[in-house]
Amino acid sequence: MYIAHTIAELRDHLAAFKRPAFVPTMGNLHDGHLALVKQAKPLGDVTVASIFVNRLQFLPHEDFDTYPRTWDSDCEKLRTAGCDVLFAPDEKALYPEPQTCKVHPDPALADILEGHFRPGFFIGVCTVVMKLFQCVQPRVAVFGKKDYQQLMMIRHMVRQFALPIEIVGSETFRADDGLALSSRNGYLSESERAEAVQLSKALKAMAEAVRAGERDLAAIEARAMQMLTQRGWQPDYLVLRRRADLQAPAAGEPLVALAAARLGSTRLIDNLEIDTPAS
Ligand SMILES: Nc1ncnc2c1ncn2[C@@H]1O[C@H](COP(=O)(O)OP(=O)(O)OP(=O)(O)O)[C@@H](O)[C@H]1O
Ligand SMILES: CC(C)(CO)[C@@H](O)C(=O)[O-]
Ligand code: BAL
């Protein structure tokens, strides 16, 4: 696996290829990330991953400084997964001057849910992804559905700027008990880790209620909220939205249940696409 630490090194190396398939990450890699790399492999003539903890998408009180950085094991995992190129710039290499020119994504999608609770988050994400896209110039890029709104945001950005990049969404990789794998799961204590499964259970209960034909979506959301709150969680949101734009659904529209909640000091997100439309 070739490791590029600068944009120049990356461009020199990738000049020999026509169809890079790209997986951007913030490192501390787990099997969910590796599934993305394996999915990317047959889609291009070279598989590129990036590791960059992007300061622009963290609020001042968030975990930028403590975000787990596990360089040696990340490299080993990427090699084993068959990654060909790792782009791992430091902040000076990717942002040699303050990044004052930013991508401002559509507020209708960027300012709700994650964007509401993490103001500016999607400006930071879209700006770094746009920049990484300029560096790698991929033909295809793979993102996880675990970060559902992020995937939608990137698809929208790519469409609006007519970027010649196919965006592939990869199914959420879960632990045996149903917890979505996430780097931030590493912050959980042993007892919190056992409790963490309740987030996906709350989403499943919402999906079951929709499947059973319950029409009052607000009541379904309120029950899920109460269930987690009673167990000591602090939910930011637990909602049923239409898949097209994550707005309030009307009858007959395909749904997705989305959640973000804090367990102790760890904030987890998850979501579930629901086969049955709103009734
Ligand atoms: N369990 C998972 N299944 C599928 N894709 C995932 C999973 N976890 C992360 N990804 C995807 O991997 C890419 C990089 O994500 P990132 O490095 O932020 O990992 P993360 O585990 O989501 O970290 P965090 O805990 O900080 O949210 C994103 O496209 C993300 O959606
Ligand atoms: C897409 C991304 C790598 C941008 O920093 C990050 O938001 C992530 O890891 O999901
Ligand atoms: N996994 C999305 C990146 C973030 O939470 O900062």
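Here goes a summary of the coordinates provided. Remember, it's a predicted structure, so these values are computed and weren't measured experimentally. (Residues numbered from 1 in each chain as written. Chains lettered and ligands numbered in written order. Predicted model: local features only at pLDDT ≥ 70, side-chain atom pairs only at ≥ 80, totals over all residues. Heavy atoms only, no water.)

Observations concerning the site of ligand 3
Okay, so step 1: Neighbouring ligand 3 are the residues Met 26, Gln 57, Arg 118, Phe 121, Asp 147, Gln 150 and Arg 184.
Okay, so step 2: Residue Gln 57 places a side-chain N or O atom 3.1 Å away from an oxygen atom belonging to ligand 3.
Okay, so step 3: In the environment of ligand 3, an oxygen atom lies 2.7 Å from a nitrogen or oxygen atom belonging to the side chain of Arg 184.
Okay, so step 4: Isolated, ligand 3 exposes 220 Å² of accessible area, and the fraction of that covered by the protein chains is 84%.
Okay, so step 5: Of the residues that constitute the shell around ligand 3, the class distribution is 2 nonpolar, 2 polar and 3 charged. (Near = heavy atom within 4 Å. Polar contact = N/O pair within 3.5 Å; in protein donor to acceptor, adjacent residues only side chain to side chain. Areas by Shrake-Rupley, 256 points an atom, 1.4 Å probe, with all protein chains shown as cover. Nonpolar A, V, L, I, M, F, W, Y, C, P; charged D, E, K, R; others polar.)

Focus: empty space enclosed by the protein
Okay, so step 1: One pass over the structure, following the stated rule, counts 1 cavity of 30 Å³ or more.
Okay, so step 2: The volume enclosed by the largest cavity comes to roughly 50 Å³.
Okay, so step 3: Taken together, Leu 179, Ala 180, Ser 182, Asn 185, Ala 196, Leu 199, Ser 200, Leu 268, Ile 269 and Asp 270 make up the lining of the largest cavity.
Okay, so step 4: Looking at the lining of the largest cavity, the elements with two or more residues in it are α9 (190–211) and β9 (266–274).
Okay, so step 5: Here the residues of the lining of the largest cavity sort into 6 nonpolar, 3 polar and 1 charged. (1 Å grid on protein atoms, 1.4 Å probe; cavity = no way out; pocket = protein on both sides within 12 Å on 5 of 7 lines; lining within 4 Å. Points joined across faces, edges and corners; volume = space filled by probe spheres on them. Helix = DSSP H or I, 4+ residues; strand = E, 2+ residues; numbered from the N terminus.)

Concerning the sheet that holds β9
For sheets, the rule is that strands pair by backbone hydrogen bonds, running either parallel or antiparallel.
Okay, so step 1: Strands sit in the order β7-β8-β9 across an open sheet of 3 strands; the sheet is antiparallel. The open sheet terminates on both sides in strands that have one partner only, identified here as β7 (234–242) and β9. Looking at each pair of strands side by side, their axes are set apart by 10 degrees on average, direction ignored.
Okay, so step 2: On the sheet, α9 packs against β7, β8 (255–263) and β9 and is oriented at approximately 30 degrees with respect to β9.
Okay, so step 3: Running over the sheet, helix α10 (residues 217–230) touches β7 and β8 and is turned about 155 degrees from β7. (Pairing = 2+ DSSP bridges. Axes fitted to C-alpha atoms, helices over the stretch in contact; angles between N-to-C directions. Contact = heavy atoms within 4.5 Å.)

Considerations on the site of ligand 2
Okay, so step 1: In the vicinity of ligand 2, the residues found are Pro 24, Thr 25, Met 26, Asn 54, Gln 57, Val 125, Val 128, Val 129, Phe 143 and Gln 150.
Okay, so step 2: At 2.7 Å from an oxygen atom of ligand 2 is found a side-chain nitrogen or oxygen belonging to Gln 57.
Okay, so step 3: Computed on the free molecule, ligand 2 has an accessible area of 290 Å², of which 88% lies beneath the protein chains in the complex.
Okay, so step 4: Mapped onto the shell around ligand 2, the elements with two or more residues apiece are β2 (20–25) and α7 (121–136).
Okay, so step 5: Among the elements that take part in the shell around ligand 2, α7 stands out by supplying 3 residues, more than any other.
Okay, so step 6: In the shell around ligand 2, the residues fall into 6 nonpolar, 4 polar and no charged.

Here's the deal with the sheet that holds strand β5 (residues 140–144)
Okay, so step 1: On the basis of which strands lie adjacent, the open sheet formed by 6 strands has the order β1-β4-β3-β2-β5-β6 and parallel pairing. The two strands at the open ends of the sheet, each matched to only one other strand, are β1 (2–4) and β6 (166–170). When strand polarity is set aside, the average angle formed by the axes of neighbouring strands in this sheet is 25 degrees.
Okay, so step 2: Its contacts with the sheet put helix α2 (residues 31–40) on β2, β3 (46–51), β5 and β6, and the angle it makes with β2 is roughly 170 degrees.
Okay, so step 3: Relative to β6, helix α8 (residues 148–160) is tilted by about 170 degrees, and along the sheet it contacts β5 and β6.

Considering the pattern of salt bridges
Okay, so step 1: On inspection of all chains with the given rule, the structure shows 17 salt bridges.
Okay, so step 2: Close ionic contact of Arg 184 with Asp 63 constitutes a salt bridge, the shortest N to O distance being 3.0 Å. Of this pair, Arg 184 sits in the loop between β6 and α9 while Asp 63 sits in the loop between β3 and α3 (71–81), and the two are 121 residues apart along the sequence.
Okay, so step 3: Notably, a salt bridge pairs Glu 214 with Arg 223, separated by 3.0 Å at the nearest N-O pair.
Okay, so step 4: Given the relative accessible area of 42%, Arg 223 is considered partly exposed.
Okay, so step 5: Several salt bridges converge on common partners, so that one network encompasses Glu 114, Asp 236 and Arg 267. (Salt bridge = Lys/Arg side-chain N within 4 Å of Asp/Glu carboxyl O. Buried < 20%, exposed > 50% of the residue type's maximum accessible area, 1.4 Å probe, protein only.)

Section: the packing of aromatic side chains
Okay, so step 1: Across all of its chains, the model carries 7 aromatic pairs by this definition.
Okay, so step 2: Ring centres 5.5 Å apart and planes at 75 degrees place the aromatic pair Phe 58 and Phe 64 in the edge-to-face group.
Okay, so step 3: Ring centres of Phe 121 and Phe 122 lie 4.8 Å apart, and the angle between their planes is 65 degrees; on these two criteria the pair is classed as edge-to-face.
Okay, so step 4: Every member of this aromatic cluster is reached through a ring pair, and the members are Phe 22, Phe 133 and Phe 143. (Phe/Tyr/Trp six-rings, centres within 6.5 Å; stacked < 30°, edge-to-face > 60°.)

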